[in-house]
Amino acid sequence: IENAIVQIVSGDGIPQRAMKTNSLGQFYTSTPLSPSTYTIEVDKPGVTFNPQQIIINNNILSPIELQVSV
């Protein structure tokens, strides 16, 4: 989904990164996050996404696919 806002939020609820998806619905960040557990939240009016938890441990993550809630 194009132009959705994707936030990576720390365990204490503080946004750590915010990105906008491109025309293919893709997003990325190239700056590292500290090792911890984070939640990915997506905001797009009219569309609902389930938040997804990720664990960062100083490794490069494989691509993550976020699904629209039905």
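As shown above, the structure is provided for reference.
Numbers given for residues are sequential positions, taken from 1 along each chain in its written order. Per-residue local features are limited, in this predicted model, to residues with pLDDT of at least 70; the limit for side-chain atom pairs, both in listing and counting, is 80 or more; totals at the level of whole chains, interfaces and linings are taken over all residues. Hydrogen atoms and water are omitted, and side-chain values are computed over all heavy atoms in the structure.

**Points about the environment of Ala-18**
Then, in step 1: Every helix listed is a DSSP run of H or I at least four residues long, and every strand listed is a run of E at least two residues long, numbered separately from the N terminus. Within the fold, Ala-18 resides in strand β2 (residues 15-20).
Then, in step 2: Only protein chains enter the accessibility calculation, which uses a 1.4 Å probe; a residue is then buried when its area is under 20% of its type maximum, exposed when over 50%, and partly exposed in between. Judged by relative accessible area, which is 59%, Ala-18 ranks as exposed.
Then, in step 3: Sequence separation between Ala-18 and Ile-5 is 13 residues, and the spatial gap between their C-alpha atoms is 6.8 Å.
Then, in step 4: A contact between two residues is defined here by any heavy atoms of the two lying within 4.5 Å. If we skip the residues at most four places from it in the chain, Ala-18 touches Val-6 and Gln-7.

**Here's the deal with unusual backbone geometry**
Then, in step 1: Phi is positive for Asn-3, close to 60°, though the residue is something other than glycine.
Then, in step 2: Checked against the element boundaries, Asn-3 lands in the segment before β1 (5-10).
Then, in step 3: For Asn-3, a relative accessible area of 38% gives the class partly exposed.
Then, in step 4: Of note, the phi angle at Asn-58 is positive, near 65°, even though the residue is not glycine.
Then, in step 5: Residue position: Asn-58 is located in the segment after β4 (52-56).

Shape is all these values report; function is a separate question.
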